[in-house]
Amino acid sequence: MSAPPADYFDASFPGATQVVRVTNLHEAKVFARRWVIRDKDPALKALLRHIEKVNSAATADSAIRQLKQALACRGLLVTASPMANGVLRE
């Protein structure tokens, strides 16, 4: 079963050929961990610690919103679908 459109978002790293779809808290943690390893930004490390301490649904929503905001601020949040008419946009 797939998540409703409002419950997921797509993200990508600069120069990456694939887009990552984040649909739940676990995927957000994995993406944030890889992002921290890649960029080594102290602000991202703090965000990752916050995401890893999540213990309720309300806190999870807040943590995922913060991740989306961080992605948007850095231009890594994909707002348009990478697939148009079955063809990958580059």
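Structural data are supplied above this passage.
Residues numbered from 1 in each chain as written. Predicted model: local features only at pLDDT ≥ 70, side-chain atom pairs only at ≥ 80, totals over all residues. Heavy atoms only, no water.

Engineer: For this particular structure, what's the right way to read unusual backbone geometry?
Structural biologist: For residues that are not glycine, phi is negative in most cases, and the peptide bond is trans in most cases. The residue K40 is not glycine, and still its phi comes out positive at about 50 degrees. Mapped onto the fold, K40 is located in the loop between α1 (25-39) and α2 (42-52). (Helix = DSSP H or I, 4+ residues; strand = E, 2+ residues; numbered from the N terminus.)

Engineer: Any chance you could explain the packing of aromatic side chains here in plain terms?
Structural biologist: Working definition: an aromatic ring pair is given by the centre-to-centre distance plus the angle between the planes. Scanning all chains against the criterion turns up two aromatic pairs. On the basis of an interplanar angle of 50 degrees and a centroid distance of 6.1 Å, the ring pair of F31 and W35 is categorised as tilted. One end of the pair, F31, and the other, W35, are both in helix α1, four residues apart, so they sit about a helical turn from each other. Neither F31 nor W35 differs from the other in exposure class; each is buried. (Phe/Tyr/Trp six-rings, centres within 6.5 Å; stacked < 30°, edge-to-face > 60°. Buried < 20%, exposed > 50% of the residue type's maximum accessible area, 1.4 Å probe, protein only.)

Engineer: What is the right way to read the packing of α2 against helix α3 (residues 57-73) from this model?
Structural biologist: If you want to describe how two helices pack, look at the angle between their axes and the distance between the axes. Where α2 meets α3, the axes come as close as 9 Å, and the angle between the chain directions of the two elements is 155 degrees. Here α2 lies roughly antiparallel to α3, going by the angle between them. Seen from above, α2 lies across α3 with left-handed handedness. Of α3, the residues touching α2 (which contributes L47, H50 and I51) are S62, A63, Q66, L67 and A70. (Axes fitted to C-alpha atoms, helices over the stretch in contact; angles between N-to-C directions. Parallel < 35°, antiparallel > 145°, perpendicular 65-115°, else oblique. Left-handed = near helix turned anticlockwise from the far one by under 90°. Contact = heavy atoms within 4.5 Å.)

Engineer: Even after reading the chapter, I still don't get the side chain of S12, so can you show me in this structure?
Structural biologist: Relative to the helices and strands, S12 resides in the loop between β1 (9-11) and β2 (20-22). Using a relative accessible area of 15% as the deciding quantity, one classes S12 as buried. Look past the residues within four positions of S12 in its chain and what remains in contact with it is Q18, V19, L76 and V78.

No statement about biological role is implied by the geometric values presented.
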